[in-house]
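Structure assessment
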Amino acid sequence: MTRIPATEARARRLAPRRGLGPRRGAARRHPVGSRRGWRWTRRGAAAVLGLCFAVPFYWTVVISLSRPGEFASYPPVLLPHWHWANWSRAWAAAPWPRLFLNTLLVASCTVALCLLTSVLAGFAFGVLRFRGRRLLMLLTLSVLMMPATVLIIPDYVLASDIRWIDTYWVQIVPWGASVFGIFLVRQFFLTMPQELLDAAALDGAGRIRVLRYVGVPMARPALVVIAINVFMASWNSFLWPEIMTRSGTGSSTVQPVEVGLASYAGTDGTDYSALAAAAAFTTLPVMVFFLVLQRQFIRGALSAAGGLRG
Amino acid sequence: MRSRLSVPVHRRRAAAALAAALALSGAAGCAGGGAAGSPAATGSVSPAPAVTGPVTITFDEAMSSGAQKTTLEKLVSEFEATNPDITVKLSASANYGALLTKEKAEVAAGSAPTIAQVYESWAADYANSQVIVPISALAGSDRPAQLSGFYAGVAKDLYLPDGKLWEWPFNKSLQVIFYNQDLLTARGVGVPATWDQFAEALKKTTGGGVTGITIDPGGTSGVTSGEEWLEEMAAADGAPVYGADGAPRFTSPQAVAALQYLIDLKNAGALATGTNYPGETALGGRKGLADLSSSAGYYYENQAVGGKFKLTTTGLPKGSVGAAAMMAGTNLVVFSSASAQQKAAAWTFMQYLTTAPVQAQWAAATGYYPVTAQSLTDPAMTAYLAQNPWVSSTITSLDSAITDPPYSWVTKCGTYLSAAIQAGLSGTSAASAMSTAQNACAAAKAGA
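Counting of residues starts from 1 at the beginning of each chain's written sequence and follows it residue by residue. For naming, the first written chain is A and the first written ligand is 1, with later ones following in the order written. Reporting of local features is limited, given that this is a predicted model, to residues whose pLDDT is at least 70; pairs of side-chain atoms are given and counted only at 80 or more, and all residues count toward the totals for whole chains, interfaces and linings.

Let us look at the overall build of chain B. The secondary structure listing takes helices from DSSP runs of H or I that are at least 4 residues long and strands from runs of E that are at least 2 residues long, numbered from the N terminus. Helix and strand counts for chain B come out as 18 helices and 10 strands. Counting other C-beta atoms within 10 Å of a residue's C-beta gives its exposure: the residue is buried at 20 or more, exposed at 12 or fewer, and partly exposed in between, where C-beta atoms are placed from the backbone. Taking all 448 residues of chain B together, the buried fraction comes to 56%. A pair of residues counts as a contact when their C-beta atoms, built from backbone coordinates, are within 7 Å of each other. In chain B, once contacts between residues fewer than 6 apart in sequence are set aside, the share between residues at least 24 apart is 75%.

And the structure:
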């Protein structure tokens, strides 16, 4: 495969815009007014899409800073009233920094473990040839038919037997293999040209080396999808940690943010203002993190999708 | 309840464990020898020994938010200060559904808490499986001295059908109705005294963006005020939806009429449905006239209203034979896996929770009712009562409040009633919806 030098690729991309290169039929298909209209349409659509994501968070912040009773007002209060008492009340109710770090640790470790198991199992099911491969794959897929909640009590018994209740292990290891991830990687390897792997093998690479230097780079788009899905699922996980961990108010708790947030939806009502405040200050670090590193995220996603190479 | 995309591959092992757990559970059920445990399971009537050294007890509860959480933590701190040998470890669940799952899981794993909050039907299940001990085994009597001070309905609620005292009260409340008094006044409507007047009031105040009442019909996640409303109306007309033996009577004319009442309100546009305490939000947003909820919801109702209008709270309207308010809230049980010292400490703690000053403190902060009338004269309670006269006028209903009979299938039957309400409000006839629920509940009873 011939790789285009970065400077040349950049020149090719920029040339039509600067009028330095041929652009066949561009003028005929897109007159100036039409191009401008299309540009504004795209910008408008992007703005609407952006609002769809921004408004819920803005609304959460408004409710978190509302005075008593304003969260249920109609017409709704659209501007924050800077009633910080909700924030201080929510902040004092739980060890939030600890819960946040717990969530981050559990989600990150789960993603790492899931990627490892998905790559290994997906490679085995998609590339290696061995007896019972199809049956094993079907058995793995059959796990999808069993709702997680049905097994939570026997799972608890197992976790209790190995003394994993109220630990990070019980929140990470059982979710460290994803059937969805295994299936996705397997499908990716099934559609990959076998010649690429054979070529590496002919050069003397063993299976692990083939996987490491050929399989994993090629499967990067699938791995990004798995990582995002697993991370989100882990971040949003509620019932599993709720049952498998014990509540604690000290620095020793291993519970995640979601369990802390759920405590505001009590048995006789919901404390919306405090819930919104807690949701806001646990979401803010993630948003800031994304905004600071958004260029890297987007480049990584595009790269994984096979578009640009950084 | 949220699901996760990834599924653990260890579930094949877990499936085997499930089978084993079911087999064990079945064996336990057989050994129990019928509903609510055999007399042989009730143990000695000698009181628990005194606490002789440092001991820690675990308490599974669902008081995880707002004033409930902070007040319980405060009470525990005060208890530990006066009982330095006893440490109480609270383990809060977000709601009763999660609490039940956690309790069952802990029992199955052999790591049950020392004490836990339970509904009556859970207690029946636990007693049947012999995983809890009767209170008489701790108190040395089926009628401990403190019991006589409790409201009659509260005391009666602590016994299972075998006649033994298995539970101890903790957080008790009654269904009440919260009104937007300004709206009532503006529409020239008085506070309804009967269910018929209540329907009229809802219809009169509906319109202009206001829907009389919004309810959560309930579902598999647990009992809600919508389902309890139906039970209360049937009972107020003289036909509770369960017999004393727990047999469903969902197809009685009164029960069907109760569902028809809700359907008529829906058809008139005076009833809407939602989830997660929708009536509270609608009332607070001036989009509803009334909210039917537990008195313990007072803290949250006030938060939603925030002084925007005058909030009036009353007991439930009357039916043809009187008013029938459901007693909500839970009791406490002690698990048999606890050590003798833990049981003794648990009994000390449970007695402390039901003393008049503690109940006064608890009630004034949370909106639950004190379980004993002696609390009403406590200084912590008198100021609260002065601000909330509705408590004084409704609390005596604790003597006659209705409760679901303590049988294991009743929890499941509540979800069938919820399904009937949802079906009725979606167009199924009341008779047909209640008949379906009746059959499902009868099957659950037969399979118990």
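What follows concerns the overall build of chain A. When helices and strands are counted, chain A shows 16 helices and 0 strands. By the burial criterion, 34% of the 310 residues in chain A qualify as buried. Look at the contacts in chain A between residues 6 or more apart in sequence, and 70% of them connect residues 24 or more apart.

Our focus in this paragraph is the domain arrangement of chain B. Residues and elements named next belong to chain B. The domain limits used here are those given by an automatic or database domain assignment. Segmenting chain B into domains produces domain 1 (43-172 + 328-399) and domain 2 (174-327 + 406-447). Spacing between the C-alpha centres of domain 1 and domain 2 amounts to 28 Å. Counting residues at the interface gives 27 residues for domain 1 and 22 residues for domain 2. Every element with two or more residues in the side of domain 1 that touches domain 2 is listed here: α2 (66-82), α3 (96-108), α4 (120-128), β5 (168-180), β10 (327-335) and α16 (389-394). Per element, the largest residue contribution to the side of domain 1 that touches domain 2 is 6 residues, and it comes from α4. Residue polarity is assigned by list, with Asp, Glu, Lys and Arg as charged and Ala, Val, Leu, Ile, Met, Phe, Trp, Tyr, Cys and Pro as nonpolar; anything else, Gly included, falls into the polar class. For the side of domain 1 that touches domain 2, the class distribution of residues is 11 nonpolar, 12 polar and 4 charged.

With that settled, the discussion passes to the interface of chain A and chain B. At the junction of the two partners, chain A supplies 51 residues and chain B supplies 54 residues. The set of elements that each furnish at least two residues to the side of chain A that touches chain B consists of α7 (152-161), α9 (179-191), α12 (220-236) and α13 (239-244) of chain A. The class makeup of the residues in the side of chain A that touches chain B is 28 nonpolar, 16 polar and 7 charged.

Residue and element names in this part refer to chain B. Of the two faces of strand β3 (residues 115-118), the one holding Ile-115 and Gln-117 and the one holding Ala-116 and Val-118 are both buried throughout. Pairing analysis gives 2 bridges linking strand β1 (residues 55-61) to β3, with the strands arranged parallel. Looking across to β3, one finds that Phe-59 is bridged to Ile-115. Any two strands between which DSSP finds at least two bridges are classified as paired.

Here the focus is the pairing of strand β2 (residues 86-92) of chain B. All names here are of chain B. As paired strands, β1 and β2 are joined by 7 bridges and run parallel to one another. Each bridged residue has a counterpart across the sheet, and for Val-55 the counterpart in β2 is Ile-86. Seen with its strands pointing away from the viewer, a crossover is right-handed when the path leading from the first strand over the helix to the second is clockwise. In this fold, β1 hands off to α2, which returns the chain to β2; that crossover is right-handed.

The next thing to look at is helix α14 (residues 356-366) of chain B. Residues and elements named next belong to chain B. Summarising burial for α14: 8 of the 11 residues are buried, a large majority. For α14, the set of buried residues is Ala-356, Gln-359, Ala-360, Gln-361, Trp-362, Ala-363, Ala-364 and Thr-366. Where α14 is buried, its residues contact α2, α12 (298-305) and α15 (379-387). A positive backbone phi angle near 95° is found at Gly-367, which sits one or two residues after α14.

Okay, the nonpolar core next. By definition, a nonpolar core groups buried Ala, Val, Leu, Ile, Met, Phe, Trp, Tyr and Cys residues that connect through C-beta atoms lying within 7 Å of each other. If you look at the biggest cluster of nonpolar residues, it comprises 171 residues, and the most contacted ones within it are Ala-123, Ile-132, Leu-259 and Val-333 of chain B. Here this core spans two domains, and each of domain 1 (43-172 + 328-399) and domain 2 (174-327 + 406-447) of chain B adds at least three residues to it. Counting 30 residues, the second-largest nonpolar core is a separate cluster that includes Leu-115, Phe-189, Leu-197 and Ile-226 of chain A.

Residues and elements named next belong to chain B. Every axis in this analysis is a line fitted to C-alpha atoms, fitted for helices over the stretch in contact. Angles between the N-to-C directions lie between 0 and 180 degrees. Across the interface, helix α10 (residues 253-267) lies against helix α18 (residues 430-447) with an axial gap of 9 Å and an inter-helix angle of 125°. With respect to α18, the axis of α10 lies oblique. Like other packed secondary-structure pairs, α10 and α18 cross with a definite hand, here right-handed. On the side of α10, the interface is formed by Ala-255, Val-256, Leu-259, Gln-260 and Ile-263, while α18 contributes Ala-430, Ala-431, Ala-433 and Met-434. Partitioned by chemical class, the residues of the contact of α10 with α18 number 8 nonpolar, 1 polar and no charged. Convention used here: angles under 35 degrees read as roughly parallel, angles over 145 as roughly antiparallel, angles from 65 to 115 as roughly perpendicular, and any remaining angle as oblique. In this scheme, a crossing is called left-handed if the near helix is turned counterclockwise away from the far one by less than a right angle; it is called right-handed if the turn is clockwise.

Here we come to the environment of Glu-73 of chain B. Residues and elements named next belong to chain B. Following the sequence through the fold, Glu-73 ends up in helix α2. The class for Glu-73 is partly exposed, based on 15 C-beta atoms found within 10 Å. Sequence separation between Glu-73 and Asp-85 is 12 residues, and the spatial gap between their C-alpha atoms is 17 Å.

Further remarks concern the environment of Phe-150 of chain B. Residues and elements named next belong to chain B. Mapped onto the elements, Phe-150 comes out in the loop between α5 (135-139) and α6 (152-156). Separated by 65 residues in the primary sequence, Phe-150 and Asp-85 have C-alpha atoms spaced 28 Å apart. Excluding anything up to four places from it in sequence, Phe-150 contacts Ala-155, Pro-169, Val-371 and Thr-372.

Residue and element names in this part refer to chain B. Values of pLDDT, which run from 0 to 100, indicate the predictor's confidence residue by residue. For chain B, per-residue confidence averages 87 on the pLDDT scale, and 88% of positions sit at 70 or higher. With pLDDT under 50 throughout, residues 1-44 is counted as low confidence; its partners more than four residues away or in other chains account for 89 contacts. The ipTM assigned to the predicted complex is 0.76, against a pTM of 0.80.

The residue after Tyr-74 of chain A, namely Pro-75 of chain A, is reached through a cis peptide bond having omega 0°. Mapping Pro-75 of chain A onto the fold places it in the loop between α3 (32-64) and α4 (85-93). Although it is not a glycine, Trp-82 of chain A adopts a positive phi angle of roughly 55°. Relative to the elements of secondary structure, Trp-82 of chain A occurs in the loop between α3 and α4. Overall, the presence of 9 C-beta atoms within 10 Å leaves Trp-82 of chain A in the exposed class. We note that Gln-130 of chain B has phi near 60°; this positive angle belongs to a residue other than glycine. For Gln-130 of chain B, the location among the structural elements is in the loop between α4 and β4 (132-133).

We now examine helix α15 (residues 272-292) of chain A. All names here are of chain A. By this rule the span expected of a helix is its residue count minus one, scaled by 1.5 Å. Its 21 residues place the ends of α15 30 Å apart at the C-alpha level, agreeing with the 30 Å of an ideal helix rising 1.5 Å per residue. The principal kink in α15, of about 30°, is found at Thr-283, preceding the proline Pro-285 by one to four residues. Where α15 is concerned, the buried positions are Tyr-272, Ser-273, Ala-274, Leu-275, Ala-276, Ala-277, Ala-278, Ala-279, Ala-280 and Thr-282. Buried residues along α15 sit against α3, α4, α5 (96-126) and α14 (257-262). One axis is fitted to the seven residues ending at the residue and one to the seven starting there. The bend at that residue is the angle between these axes.

All right, on to the environment of Val-76 of chain B then. All names here are of chain B. Checked against the element boundaries, Val-76 lands in helix α2. Of the residues examined, Val-76 has 19 C-beta atoms within 10 Å and is grouped as partly exposed. Taking the C-alpha atoms as reference points, Val-76 and Leu-353, separated by 277 residues in sequence, lie 9.0 Å from one another. With residues up to four places along the chain from it excluded, the contact list for Val-76 reads Val-88 and Leu-90.

As a further point, take the confidence of the model for chain A. Residues and elements named next belong to chain A. Counting all residues, the mean pLDDT for chain A is 85, and 86% of those residues have values of 70 or more. Put simply, helix α1 (residues 6-18) is where chain A has its lowest mean pLDDT, 49, and helix α8 (residues 169-172) is where it has its highest, 96. Here residues 14-22 is modelled with pLDDT under 50, and outside its nearest four sequence neighbours on either side it reaches 4 contacts, counting other chains as well.

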